[in-house]
Structures are given as C-alpha cells and as structure tokens.
Amino acid sequence: MAAELLLTGVRVADLGDAVGEGAARLLADLGAETLKLEPPEGARTRTDEPVVDGRSLPYSVRNANKSALVADLATAEGRADARALVAEADIVFLSPATADAIGLAELRAASPGLVAVISSPFGLTGPRRDWQATGRTLLALGGAMSRSGRPGAAPLVPPAQLATATATAQAAWLAIVAHTQRTRTGQGQTIDLSHHEAVATGLDPAFGVQGSAAAGRSGKFRRGRPPADSYPIYRCADGFVRLCLLSKRQWRGMFGWLGEPAEFADPSYDSITARVAASDRLEPLIEALFADRTAADLVDEAATRGIPLAQVLSLGEALAADHFTNAGTVSSTEVAPGLTANLPIGYLTADGHLLGLRTPSPDLPTQVATADAWTPREERVHLSPDADDAPFAGLRVLDLGVIVFGAEAGRAFADLGADVIKVESRTYPDGLRQTRHGEAMNASFAWGNRGKRSLGLDLRTDEGRRLFLDLARHSDVVLSNFKPGTLDSLGIGFTALAAANPGIVVLESSAFSADGPWAQRLGYGPLVRAACGVTSLWKYAAGDTASWDGVTVFPDHVAARLGALSVAAALLARSRDGRGRHLRMAQSDVVLHQLADLALLESLRPGSVSAVGNRGREIFGGVFACAGDDEWCVIDARTPGEVETLRDAVQAGDRGLADAVGAWTAVRSPAEISEQLQGRGLPAAPMLRLPELREDPQLIHRRTYTTLSHPLLEQTLPAEDPTAAYERLEVPTLGPAPLAGADTESICRDLLGLDEDDLADLLAREVVFVP
C-alpha cells in the first residue's frame, strides 16, 4: 500500500537559497508538488561542497522529491514564463535576488493568494541586512557558541549544519502557517525569513524553554563557558558511553549497580548537587565498572536497572545501527540520478507510512517553466466567517506533552490562536514545573506554556480515561511525547481516539522510533545526540575524548517545530477528506534527517566525517580572541578570493594566515572586527552571550522579541514574537502559563457538561484536581 501524502494538491515553487531549498524539500516530503526553477546553467547551489562524482551532496539532499524546470530570469521572456508558473503556486521560496528578478511585488498584486517566503541570512531590513553569513557565524550571533566548549578555554562552535537545519525548519513552518491562513481568508502574504532570527529563537533560545536559558535572564551572567559535565562520557571496552543520572530512582539504580558502596549510602546522595560535589570519589568507581565491558552490554544492563545510558556513536556508526536500518529510517536510496547511498530517508510516519525521500533530485533541466507545468487540481479555498482570526483559531489541542518538546509543540498552536489544554498528572508532574526553591512558577515553564489552559486529570483511572475520550470528541489534535506504546497502555491510543472522533489528528513523538530495537530506551536529549553522531561531532578535535554538547537541548526545539509542521499538514489533509491521521516521529530520526548531507558524504566516503572543531569546513575558518574579557569572533573564508581578501585585510604578508588573523583580532573589539570584514564582503561575526541578544540592534530592529509577564514571576521576560517575520498575522493576547489544574473546573463544566455534584465527586476521589 502506497504512503498517503498530507499535502497532496499543494503547489510549491522553489527559487530559494539553500534554506529555501531545504524548506521546499520538507514540504515535498509531506506531499506538496514542488517545482525547482533554475537558470539555464543550473542553480548556484548545484556547486555547493562537498561535490562527489560531479554531484553536489547538499543540493542532492535538499532537492529530492522535486522536478526541475528552466527559468531564465535574465530575459524578459524567461521572467514572464516564471511569473506565470509562480502565479499558479500556493507557496514560493525566494532569495532577495530572485524576488527582485521575478518582480515579486507585481506578482503578488496580480496573485494576492500567493505565500512568498524570502529567505536570507539577516532578513531584508536592519543594520545587518547586507551582511554575509555561514552557519558558524550564525551560531556565534545566535548565542549557541557562547555556552559551548571547555570552561576557561576558547568557545567551541557547534556543528554548523545545525544552524542551516534550524532555519530550514522555521522557513517551512512559517510557510505552512501562512498557507493555512490563506485557506481561511484567500489572502497570501510575503514572509521575510532571517536565518539569524531562526537560530536565535529556534535552536537553543536564550528566552525560551531550557534549563541553561536561565543565563538569559537579566542580572549577572557567566563570562566563560558553563560546566557541561551533567552527562558524563566514560570509556568502555569498545568505545564510549554517556550516562544521565537525573532522578533519585536513577541514582538508586546506579548505586545498586556499583555494589551499594557504603560511602554513598547516605540519602543526601539522592541529590545531583551532592553527587557532583563528590565526583572525585564517585567517578573512579563508575569508570572501573565500565572499563572492561562492551558498550552493548552496558546499555542493556543499564536498561534493566532503569539507568539512562547510551553508546557514543560516530555518524557512520549511527547510520549502520540496526535500530535505524530496521525501522527504515536509514536506507540505501538513489538520492540523485546515478548516485545511490545509505542515508536518512525521513523523520515522520503518517498512518504507518514513512514520509520522506521518494524520488531523486533532478538532473539539470531542459524544459522551460510554464504555467501548465502544474498537475491540474480543483481550487479549495474555504473562506471563514471569521477570516481575520489567527491561523489556528477554533482549533482545540489536547496537550499531553512534557519538558521541552512537549511545551514547544503545544505552544506553536497556542501562540497562533488554538485552544490548547495541557492535560496534567498530579502523580507524575511535568518535569518542566520543577523549581530550585519550591516556587510556584519558573521562567522556562512560563515561556513554553503561555496561552494554554490546564486540566488536572488522572488517566490511570477508568473515569479519567473516559473523560479524556469525551474531551477528544470535542477536539482536533492530541500531542504527546512518551515512549512508544504509552498512549495505548493508558487506553487512549490512536485506535480509541479515532473511534471517539474520526477526525482527530494524533502526534506521538518519542526519543527513538517504535519500529526498532531502541524503542523503549529512556529518551533524554543527551542520549539521542550520543546515539546519532552529534556528540562525536561536537568536539574541538576528532581525536578528543571530551564532547561539549552537554548544555544544549538540541533537538527538542527544532523537533517540536517539525512536529507542529506535520500536524498542520495533517489538518490541511483533513480539510480535504474529513479524516484524522496518526502521526509518529522520533527525535533521533529528526537529528539524522538534519545531518543528511554529512550522512550522504559518510556513506559515499566512509570515515570522512568527523569533528572539525573551530576550524570548520570552509577553505579557512577559525574562532579568534578579541580585545576584552572573554571576547571572541568567528571568521570564515569560503572561496580562494575571500582568502585573499582576508589576507589583505589583516596585512598577513608572509605570515601564516591564522597567526596573522589572531594578531589582528587581539587588539580589536568583536564589533570592530565584524564591521571591517563584513565591509569587505567576508562572513565574520562576534560571539554574543544570551543576555546580549535582547540588546542586539539587528534583533531589536526586526522586533524579534516581545515581552511576557506572569503574576507569579517578579520580572517581565523577553520572549519570541511569533509574528515578527510575517507581513501580517493576527494573534490573540495570550494568558500566562497556568498552574497545574487551574482550568479543571471550567473545562469539566463547559466542555464535558458535568454538574456541580459530579465535579465535586471527581475532585474528592482525585480523578481530577485543581491547584
């Protein structure tokens, strides 16, 4: 049975940059008909490195599932043909250059329903609108680099692919939201996508859900790198493993595995703080326990003891792992004509079918773009009587999600008008509600759960399950991020939900997919990164033992955005046929999908992909100390011409370029360095710390942040403005994040129709609860 696609009938034209190409590929994976428009000589991105056997690997990955046509925007005839084709599209991805060449303003005037996404490093406005960028400079400007690396040493640039992948996910999400709004109103719009903003708000946001984001609040902040030893890595007989000991239960399992040493029997060691303070005595015991055993044996025994542990794999080892090959996530596939390799296929299943790479990227096109290139269809613009409402107004979402992914997937809909009901357990509260000193609210929970309502409900009881299914009858979406099978075990799996409401869309996310041997592994982000090759890439040098990804929460935020994208696509499919969908995605599959170009290179040239540290993958690159206390900048040169420009700028003479650049930057501020080199067309950027993002002139100009108040927090918080990139978007005024069970009574009365006696009885028996 062939996979049923979600975006069948949606038309996407691709005249974009690398990020636009990637976003168009995401929509193509979901079923959109996607046409790549290229000049006669081919898109510039066809030469993006690395190139193997004449094929650009990044281009091949970004343009699978597309057809290519010639659009010669240098001629009047070519521009007219391209405009005629794009006028019949729903969504078009553009760069600033192609937007100007095709005459976007004139095109939008003639086709008011068109959604146009213009993708560029810094957007079309602001003091940096003309700056150059690489993934590495975006990571410096977005705050991620400032907390990455060894304390007391130079910061470490995270893997550059994460920046591009984050911007790509944001571009696709913005497009599908605007298209959803267009189906309600008939009106399209132009979206001004800034890669910089996408990275600052979507990778490890300073003012968003994550533990380390506390550094982003006002007040004092760390000048150097924070400790990243919460998830230590240990040597074993055949490699390395990563350990996560967070809860008391997990520590007790580890204590028993160590043979219950008397010196750690005191209950005080149930605390992470006490164990960290005693690490000089505890670490040697764990090292000795692990040293002579294989990683597979350790991971298996850890699982039986309830201890989160994962093998640290290289990207090549991850691609060969039985879990991914058995699940079909990684498969031998033709990714370009004549180019077959073992690589990640996709991250999402819909009703049991994997949606991903179906057809290879196209050869250089010869057919000219014309309006009749599209597959015929019936127009389906359904105007709403409340056409000016937010894109998801009228939608009800039951949010079972927890921690970062759970908060962010639901917030994506709450921000844009949906009624999101967070269903909470008193016995197993959301870990994101934890506070240091027992406060009622923390900034992280306030960021991630703004605009939601809270229902306190015990799903382990028959009555609790019945109430949830009753609520599902009046809802559109259910979100969860538990281990595979958890919803079924509670009696509220997709089969039960669909019986109650055939139009329900259910998204189940987990750390590892349900179709492989790792399905039941404990799903902490650090273990996902270790198992997918990210940890091995996040090093100063390939041969280092230490990795420095311990502070990031990647991939939670970007995976949540892709989860929301998938749900929005399923809702569009439901508008065609009235039928709900069962969506499943694994964060580990998202990670591999985002590293697909490196995975392709590793497949074709085994052993070629490893950590490159601060050197990067450009012709020249580095992280350089600047004048001041712990001040740094990133400088890249992508072509021989840029290398010569850089040599001239720093007056390198006969010196080695790295030494000359280092001497030149040491006596200048990061801002001065960046301005001078950007003035010469070179990608250079200062390292910004999290609190500095709020004062960044580019982000201020683009209104990237708004403010968030909560009655239980003393300070007003900066927060992402979900409307910043749109030409126009109506959003509701969001209420503060709720206390657990704050809306239980109103939901039971208004949605479930319970009378006061029934409600009082359920409260007395703790089937439901209030704060």
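See above for the structure.
### Brief notes about the packing of aromatic side chains
- Summed over the entire model, instances satisfying the criterion amount to 15 aromatic pairs.
- With 5.0 Å between their ring centres and 75 degrees between their planes, Phe264 and Tyr269 make a pair best called edge-to-face. Like Tyr269, Phe264 is buried.
- An aromatic cluster is present here, built from Trp251, Phe255, Phe264 and Tyr269 joined pairwise through their rings.
- Against the face of Trp518 rests Arg521, its NZ or CZ located 4.2 Å from the ring centre.

### A short note on the pairing of strand β19 (residues 477-480)
- The alternating pattern of β19 places Val477 and Leu479 and Val478 and Ser480 on opposite faces, both of which are buried.
- Examined bridge by bridge, strand β16 (residues 396-399) and β19 share three bridges and lie parallel to one another. In the sheet register, Val397 faces β19, and the bridge partner there is Val477.

### As for the nonpolar core
- Residues Leu6, Leu27, Phe93, Trp173, Phe413 and Leu565 are the most contacted members of the largest nonpolar core, which totals 150 residues.
- Every residue in contact with Phe93, bar those within four places of it in the chain, is listed here: Val12, Ala13, Asp14, Leu15, Gly16, Gly20, Ala23, Ala24, Leu27, Val117, Ala171 and Ala175.
- Within the second largest apolar cluster, 30 residues are counted, among which are Ile421, Val423, Leu469 and Ile747.

### Overview of the sheet that holds strand β20 (residues 505-510)
- The nine strands are arranged β15-β14-β21-β20-β19-β16-β17-β18-β27 in an open sheet whose pairing can be described as mixed. At either end of the open sheet lies a strand with only one pairing partner, and these are β15 (353-355) and β27 (768-769).
- Examined bridge by bridge, strand β18 (residues 452-457) and β27 share two bridges and lie antiparallel to one another. Each bridged residue has a counterpart across the sheet, and for Gly456 the counterpart in β27 is Phe769.
- Packed onto the sheet, helix α15 (residues 403-414) meets β16, β17 (419-424), β18, β19, β20 and β21 (581-586) and runs at close to 130 degrees relative to β18.
- Strands in contact with helix α22 (residues 556-577) are β14 (348-350), β19, β20 and β21; relative to β21, the strand with the most contacts, it is inclined by about 165 degrees.

### A closer look at helix α12 (residues 295-304)
- Looking at α12, one finds that the buried residues are Ala295, Leu298, Val299, Glu301 and Ala302.
- Those residues of α12 that are buried lie in contact with β9 (233-236), β10 (239-243), α9 (248-257), α11 (279-291) and β11 (309-311).

### A few points about the packing of helix α1 (residues 18-29) against helix α7 (residues 161-185)
- Contact geometry for α1 and α7: axes closest at 8 Å, N-to-C directions at 60 degrees. Considering the angle they form, α1 stands oblique to α7. You can see that α1 and α7 cross each other, and the crossing is right-handed. For the pair α1 and α7, contact is made by Val19, Gly22, Ala23, Leu26 and Leu27 and by Thr164, Ala167, Thr168, Ala169, Ala171, Ala172, Ala175 and Ile176, respectively.
- Residues belonging to the contact of α1 with α7 are distributed by class as follows: ten nonpolar, three polar and no charged.

### Brief notes about the side chain of Ser536
- Along the chain, the position of Ser536 falls in helix α21 (residues 534-537).
- Accessibility expressed as a relative area gives 15% for Ser536, which makes it buried.
- Only 2.9 Å separates the side chain of Ser536 from the backbone oxygen of Leu313, close enough to count as a polar contact.
- Ignoring anything within four residues of it in the chain, the contact list for Ser536 reads Val312, Leu313, Ser314, Ser547 and Ala611.

### Quick notes on the pattern of salt bridges
- Inspection of the entire model under this criterion finds 51 salt bridges.
- Between Arg46 and Glu38 there is a salt bridge, and its shortest N-O distance comes to 2.7 Å.
- The class for Arg46 is buried, based on a relative accessible area of 16%.
- Between Arg460 and Asp458 there is a salt bridge, with the nearest N and O atoms lying 3.2 Å from each other.

About the thresholds
- Residues numbered from 1 in each chain as written.
- Predicted model: local features only at pLDDT ≥ 70, side-chain atom pairs only at ≥ 80, totals over all residues.
- Heavy atoms only, no water.
- Phe/Tyr/Trp six-rings, centres within 6.5 Å; stacked < 30°, edge-to-face > 60°.
- Buried < 20%, exposed > 50% of the residue type's maximum accessible area, 1.4 Å probe, protein only.
- Lys NZ or Arg CZ within 6 Å of the ring centre and 35° of its normal.
- Helix = DSSP H or I, 4+ residues; strand = E, 2+ residues; numbered from the N terminus.
- Pairing = 2+ DSSP bridges.
- Core = buried A, V, L, I, M, F, W, Y, C linked by side-chain atoms within 4.5 Å.
- Contact = heavy atoms within 4.5 Å.
- Axes fitted to C-alpha atoms, helices over the stretch in contact; angles between N-to-C directions.
- Parallel < 35°, antiparallel > 145°, perpendicular 65-115°, else oblique.
- Left-handed = near helix turned anticlockwise from the far one by under 90°.
- Nonpolar A, V, L, I, M, F, W, Y, C, P; charged D, E, K, R; others polar.
- Polar contact = N/O pair within 3.5 Å; in protein donor to acceptor, adjacent residues only side chain to side chain.
- Salt bridge = Lys/Arg side-chain N within 4 Å of Asp/Glu carboxyl O.

No statement about biological role is implied by the geometric values presented.
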